[in-house]
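# What the coordinates show
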Amino acid sequence: QVQLVESGGGLVQAGESLRLSCATSGRTFSSSDMGWFRQAPGKERQFVGYINWSGVDTYYADSVKGRFTISRDNAKNTVYLQMNSLKPEDTAVYYCAVKFGSSWPPTRTSVYNYWGQGTQVTVSI
């Protein structure tokens, strides 16, 4: 059984930063690709970013490129989402997900096998 637990969400003002963490357990984390998504009220779950198993390859949604950074620590079975220069439109529940195998593209929710429960990020003006 694979478990993913996000943490680090909260309420911040526009322009501030947050770092989300996603701790995993179960199947081998170090050989798995990971993704971050977010979902605002009344909207579909939206791709935020992706990191491959080694951490060499990353990919971001245009809306967060240059502000958000994904990294991972395979020794700690944890992936991170550093969010800088936050905007009110970044307000959402943020989810991490793990992808096994070579399914593509990583922007699609359907290619991910397991999801965390989400953590709320609220950015005020």
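Residues numbered from 1 in each chain as written. Predicted model: local features only at pLDDT ≥ 70, side-chain atom pairs only at ≥ 80, totals over all residues. Heavy atoms only, no water.

## A word on the packing of aromatic side chains
In this description, an aromatic ring pair is defined by two values, namely the gap between the centres and the angle between the planes. Filter applied, for reference: Stacked, edge-to-face and tilted are the three classes for Phe, Tyr and Trp ring pairs, Trp counted by its six-membered ring, which pair at centre distances within 6.5 Å; planes under 30 degrees apart are stacked, over 60 edge-to-face, the rest tilted. The helix and strand labels rest on DSSP assignments: H or I over at least four residues marks a helix, E over at least two residues marks a strand, and numbering proceeds from the N terminus. As a reminder, the over-ring test applies to NZ of lysine and CZ of arginine, requiring each to be within 6 Å of the ring centre and within 35 degrees of the ring normal.
Considering all chains together, one arrives at seven aromatic pairs under this definition. Each ring, one from Phe37 and one from Tyr112, has its centre 5.2 Å from the other, and the planes form 80°; the classification is edge-to-face. Residue Phe37 is located in strand 4 (residues 33-39), and its partner Tyr112 is located in the loop between strand 9 (92-99) and strand 10 (114-115); the two are separated by 75 residues in the primary sequence. Taken together, the aromatic side chains of Phe37, Phe47, Tyr59, Tyr112 and Trp115 make up a single cluster linked through ring pairs. Here the basic side chain of Arg72 rests over the ring of Phe29, its NZ or CZ set 4.3 Å away from the ring centre.

## Comments concerning the sheet that holds strand 7 (residues 68-73)
Spelled out, the test is: At least two DSSP bridges between two strands are needed for those strands to be called paired. Fitting a line to C-alpha atoms yields each axis, with helices limited to the stretch in contact; the angle taken between N-to-C directions then spans 0 to 180 degrees.
On the basis of which strands lie adjacent, the open sheet formed by four strands has the order 1-3-8-7 and antiparallel pairing. The open sheet has two free edges, formed respectively by strand 1 (3-7) and strand 7, since each of these has just one partner strand. On average, adjacent strands in this sheet sit at an angle of 15° to one another, irrespective of strand direction.

## A look at the pairing of strand 4
To be explicit about the condition: Categorising residues by exposure relies on relative accessible area from a 1.4 Å probe, with only protein chains included: less than 20% of the type maximum marks a residue as buried, more than 50% marks it as exposed, and the intermediate range marks it as partly exposed.
With six of seven residues buried, strand 4 is to be regarded as a mostly interior element. Relative to strand 9, strand 4 runs antiparallel, the two sharing seven bridges. What sits directly across from Asp33, in strand 9, is Lys99. Relative to strand 5 (residues 46-51), strand 4 runs antiparallel, the two being bridged by five bridges. Within the sheet, the bridge partner assigned to Met34 lies in strand 5 and is Ile51. With antiparallel pairing between neighbouring strands as the criterion, strand 4 and strand 5 make up a hairpin whose turn holds six residues, including Gly42 at a positive phi of roughly 80°.

## Describing unusual backbone geometry
The omega torsion across Trp104 and Pro105 is 0°, close enough to zero to call that bond cis. Among the secondary structure elements, Pro105 is positioned in the loop between strand 9 and strand 10. Non-glycine residue Asn77 carries a positive phi angle of around 55°. Position of Asn77 relative to the elements: it lies in the loop between strand 7 and strand 8 (78-83). With a relative accessible area of 31%, Asn77 lands in the partly exposed category. Look at Ser85: it is not a glycine, yet its phi comes out positive at around 50°. Tracing the backbone through its elements, the reader meets Ser85 in the loop between strand 8 and strand 9. The partly exposed category is assigned to Ser85, whose relative accessible area is 40%.

## Quick notes on the side chain of Arg67
Here is the rule we go by: Each polar contact in these results corresponds to two N or O atoms within 3.5 Å; when the atoms are within protein, one needs to be able to donate a hydrogen and the other to accept it, and residues that are neighboring in sequence are counted only if both atoms are side-chain atoms. By the convention used here, residues are in contact when the closest approach between their heavy atoms is within 4.5 Å.
Relative to the helices and strands, Arg67 is located in the loop between strand 6 (58-60) and strand 7. A relative accessible area of 11% places Arg67 in the buried class. Side-chain polar atoms of Arg67 contact the backbone oxygen of Ser63, separated by 2.9 Å. Polar side-chain contacts of Arg67 include one of 2.8 Å to the side chain of Asp90. Excluding its chain neighbours within four sequence positions, the residues that come into contact with Arg67 are Gln82, Met83, Asn84, Ser85, Leu86, Lys87 and Asp90.

The analysis is restricted to geometry; functional conclusions fall outside its scope.
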